[in-house]
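# Notes for the structure review
If you want the building blocks of each chain, they are given just below.
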Amino acid sequence: MDFDLTEEQRLLKDSIDGLLTDSYDFESRKKYMTEKGGWSKAVWGKLAEQGLLGLPFSEADGGFGGGGVETMIVMEALGKALVLEPYLATVVIGGGFLRHAGTDAQKAAHVPGIVDGSKTLAFAQLEKNSRYDLFDVATTAKKKGDGWVIDGEKFVVLNGENADTLVVTARTKGGRRDTTGIGVFLVPADAKGITKKSYPTQDGLHAADITFTGVEVGADAAIGNPEDSLALIERVVDEARVALCAEAVGLMDESLKTTVEYIKTRKQFGVAIGSFQSLQHRASDMFVAAEQARSMSMFATMAGDFENARERSNAIAAAKAQIGKSLKFVGQQSIQLHGGIGMTMEAKIGHYFKRLTMIENTFGDTDYHQRRVADSGGLI
Amino acid sequence: MDLAFTKEEQAFREEVRSFFRDNVPPDTRRKLVEGRHLTKDEMVTWWRILNKKCWGVSHWPKQYGGTGWTSVQHYIFNEELQSYPAPQPLAFGVSMVGPVIYTFGNEAQKKQYLPRIANVDDWWCQGFSEPGSGSDLASLKTKAERKGDKWIINGQKTWTTLAQHADMIFCLCRTDNNAKKQMGISFIVFPMKSKGVTVRPIQTIDGGHEVNEVFFDDVEVPIENLIGEENKGWDYAKFLLGNERTGIARVGVSKERLRRIRDLAGKVEAGGKPIIQDAAFREKLAACEIELKALELTQLRVVADEGKHGKGKPNPASSVLKIKGSEIQQTTTELLMEVIGPFAAPYDVHGDDGSNEAMDWTAQIAPSYFNNRKVSIYGGSNEIQRNIIAKAVLGL
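Sequence order sets the numbering: in each chain, residues are counted from 1 along the sequence as written. Here chains are named by letter from A upward and ligands by number from 1 upward, in the order in which they appear as written. Reporting in this predicted model follows two pLDDT cut-offs: at least 70 for local features of residues, and 80 or more for side-chain atom pairs to be given and counted; totals over whole chains, interfaces and linings ignore these cut-offs and use all residues.

## Quick notes on the overall build of chain B
Helix and strand counts for chain B stand at 12 helices and 10 strands. Viewed in the frame of its principal axes, chain B has a C-alpha envelope of about 75 × 50 × 50 Å. Here exposure depends only on C-beta density: within 10 Å of a residue's C-beta, 20 or more other C-beta atoms make it buried, 12 or fewer make it exposed, and intermediate numbers make it partly exposed, the C-beta atoms being placed from the backbone. With 396 residues in all, chain B has 45% of them scored as buried. In chain B, the proportion of contacts linking residues at least 24 apart, taken out of those at least 6 apart, comes to 70%. Numbering of helices and strands runs from the N terminus, with a helix taken as a DSSP run of H or I at least four residues long and a strand as a DSSP run of E at least two residues long. What counts as a contact is two residues whose backbone-derived C-beta atoms lie within 7 Å of each other.

Shown next as structure tokens:
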């Protein structure tokens, strides 16, 4: 029973916090947003230099052998600084598929580019009607010779505009909502037959809707078993959920801190508005919500190592549900306590609120995960 | 970071669990499961079993009969105790006055009181709140005047829990009217059978008799019954209230109740099928379980922190425990109400003194729901807790 970081983990936390303090103030972020794809190549390069892009890969694969706690530290820091760069899409998700199921050849082809920052990935999973069900896949991958032909439409693919490689879920067998017959494919973003419609998202990131029309890939494009990869997808998406929980904790910490600072300095009726009990109690409730979220983020991080798959996914579902509840309260009340200024694009707090809000709707919202816990027979 | 308990800790949990299985009187357990009140005899019998095992005052220093357990062991013990369930040691003696006496009392007081607390030879009650002093406790008016080698005590206490069973009371009394309100209070103990002490029951909305008013009319108390220094009582009261940071969450109690809800919801029908098959109910139950899991983790963070860094500087997360713990306890009693639906209504006119075992046990569900409204009021109301977070944690 230990919730402390090790000495090495503390150093990691200090180094990423330091890097982001230096290069990621709110004004710089606005500039990064205007670069191609909506994030900064230079910052990405710095993350690579500090070894953060190789963090979760094994040393044999050219990484640093970090585990869940290391990813939690990084994601919390990225949340705190409201970072735009595609760490989740590239390192956590793209990297996750390679770590869990990539062949030596696939890893050799992709991991070095991730680690040195020269290549990014994107996860093309969401479909028009799939909502949060990972097994709901209409996109098809049909066998052609040794390789595959992919047809279908994917939506809101984060980093879809910039990614060099797309990780695509596609059905090799069965009907749209069958749990078997789903494969995962590594597809070069410039492959013939791919068209993209790119756009900024509500929270300042960039995404794309991507159409695959007769896109041909080789036999080596499939990660894992092309006919039965739902468990793999669930595993990697669970890791993405855990990472999002940590990011949300960082966002909530910063939102609460910014809000408390604001009500200490903003004066009305001749006094700081933070001297009013109604606002003090609201801020206290925000603190309680953020601490409950932090506890569940830690729980989910450690649950990532649970042997029992049902217990693992149940714990992570519970965490995502708790984080969803907490982030909604902290996000909304941060705006409320800021008053009118919280409504402006100019103030930083609204951008935290927007990112928090989008996290709730990524890979399952509170209701979705609460239902998962309910249907699994509970937690206690 | 590591969530796992060590092998030794797991073995300890097994030891505790099997001790409870073998030693908690089955009737006592059943009554707790059904939300009934226990008789004084039932409680004392169990506490003496616990004391014989040397687990009665587990968190006291070893020289006074404590166990020397780690903070994780204490956590495990409490969780098992609450979720078995077995009666918790009498807080007023074991967690409140005991630590004050061994920390601030003199040798004679330690010798006189501590062993009797451990064996519940004396049942203690707490004389803190007064009709005019609830959240603003320091405004209390009960007066102790020094007259020769005696204190003469006059005034009134209220919300005195289980005073009807008590042999001894520890009392905050005003001993200096001229000092700042916190500075003129002393911590004095005396027998409840002293001349001039009157106990009047207060019936609470659940129909039960847990709390009382206690009146003092020229009660004479020997001078040596002052604990610690005169006019330092407020410090001891703060020490006492800050002593139990993690037990207050009562995670084990809520866990036990959630298991009961799940069990009952599998039996009680709604719409022709067990209510557990109703998706809306199941999701409500899951929502409560998730909140409780988060609270359990928050509690573990505090426990692990205390184990590693000592109790000196409290982890800010500890202030979450009372608020969330009480809210969740209340939610669990609400869910029970929801499960039994219209059968919440019958009222057991015999009260809950155990004399009417024939009454359907569901009769205790509504009273337990009503009774649990107290948990967000006592021990510093949840509004006071929010004041504390705002000031101590957020610096507002």
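## Details of the overall build of chain A
Broken down by element type, chain A carries 11 helices and 10 strands. For chain A, whose C-alpha radius of gyration is 21 Å, the value lies close to the compact-globule estimate of 21 Å for 380 residues. Reported as C-alpha extents along the three principal axes, the dimensions of chain A are approximately 80 × 50 × 40 Å. Looking at chain A as a whole, 53% of its 380 residues qualify as buried. Restricting the contact set of chain A to residue pairs at least 6 apart, pairs at least 24 apart contribute 73%. Put simply, the radius of gyration uses C-alpha atoms, and a globule should come to 2.2 Å times the residue count raised to 0.38.

## A closer look at the pairing of strand S7 (residues 206-217) of chain A
Within a regular strand, side chains alternate between the sheet's two faces. Residues and elements named next belong to chain A. With eight bridges connecting them, strand S3 (residues 147-158) and S7 associate as antiparallel partners. Considered in S7, the bridge of valine 157 is made with alanine 208. Only strands that DSSP links by at least two bridges are regarded as paired with each other. Examined bridge by bridge, strand S6 (residues 194-200) and S7 share seven bridges and lie antiparallel to one another. Residue pairing in the sheet places serine 198 in a bridge with alanine 208 of S7. Where S6 hands over to S7, the hairpin turn is made up of five residues, of which glycine 204 adopts a positive phi near 90°.

## Things to note about the nonpolar core
The tendency in soluble globular proteins is for nonpolar side chains to be buried as a group. Nonpolar core, as used here: buried Ala, Val, Leu, Ile, Met, Phe, Trp, Tyr and Cys residues forming one set through C-beta atoms within 7 Å. If you look at the biggest cluster of nonpolar residues, it comprises 214 residues, and the most contacted ones within it are Phe185 and Ala248 of chain A. Once you skip the residues sitting within four places of it in the chain, alanine 248 of chain A turns out to touch Gly79, Ala293, Ile323, Leu327, Leu356 and Ile359 of chain A.

## Some remarks on the packing of helix H1 (residues 7-23) of chain A against helix H4 (residues 68-80) of chain A
How two helices pack is summed up by the angle between their axes together with the distance between the axes. Residues and elements named next belong to chain A. Helix axes use the C-alpha atoms of the stretch in contact, all axes being lines fitted to C-alpha atoms, and the angles between their N-to-C directions lie in the range 0 to 180 degrees. For the pair H1 and H4, interaxial distance at closest approach is 10 Å and the crossing angle is 25°. In terms of orientation, H1 lies roughly parallel with respect to H4. When the axes of H1 and H4 are compared, the crossing they make is right-handed. Here Gln9, Leu12, Lys13, Ile16, Asp17 and Leu20 of H1 come into contact with H4, specifically with Val69, Glu70, Ile73, Val74 and Ala77. Here the nonpolar group is Ala, Val, Leu, Ile, Met, Phe, Trp, Tyr, Cys and Pro; Asp, Glu, Lys and Arg are the charged ones; every other residue, Gly included, is treated as polar. In terms of residue class, the contact of H1 with H4 is built from seven nonpolar, one polar and three charged. Throughout this description, any angle smaller than 35 degrees is read as roughly parallel, any larger than 145 degrees as roughly antiparallel, any in the 65 to 115 degree range as roughly perpendicular, and the remainder as oblique. By the definition used in this description, the sense in which the near helix is turned from the far one sets the handedness, with an anticlockwise turn below a right angle giving left-handed and a clockwise turn giving right-handed.

## Focus on the confidence of the model for chain B
On a scale of 0 to 100, pLDDT captures the predictor's confidence in every residue. When pLDDT is averaged along chain B, the result is 92; 95% of the residues meet or exceed 70. Across the predicted assembly, pTM comes out at 0.94 and ipTM at 0.95.

## A short note on unusual backbone geometry
Following tyrosine 84 of chain B, the chain continues into proline 85 of chain B via a peptide bond in cis, with omega recorded as -5°. Its place among the elements puts proline 85 of chain B in the loop between helix H4 (71-83) and helix H5 (91-104). Positive phi values are uncommon outside glycine, yet valine 156 of chain A reaches one of about 45°. With respect to the helices and strands, the residue valine 156 of chain A is situated in strand S3. A residue is classified by how many C-beta atoms lie within 10 Å of it, and valine 156 of chain A, with 18 of them, is partly exposed. Its identity as a non-glycine residue notwithstanding, cysteine 54 of chain B has a phi of 70°, on the positive side. Since 12 C-beta atoms lie within 10 Å of it, cysteine 54 of chain B is described here as exposed.

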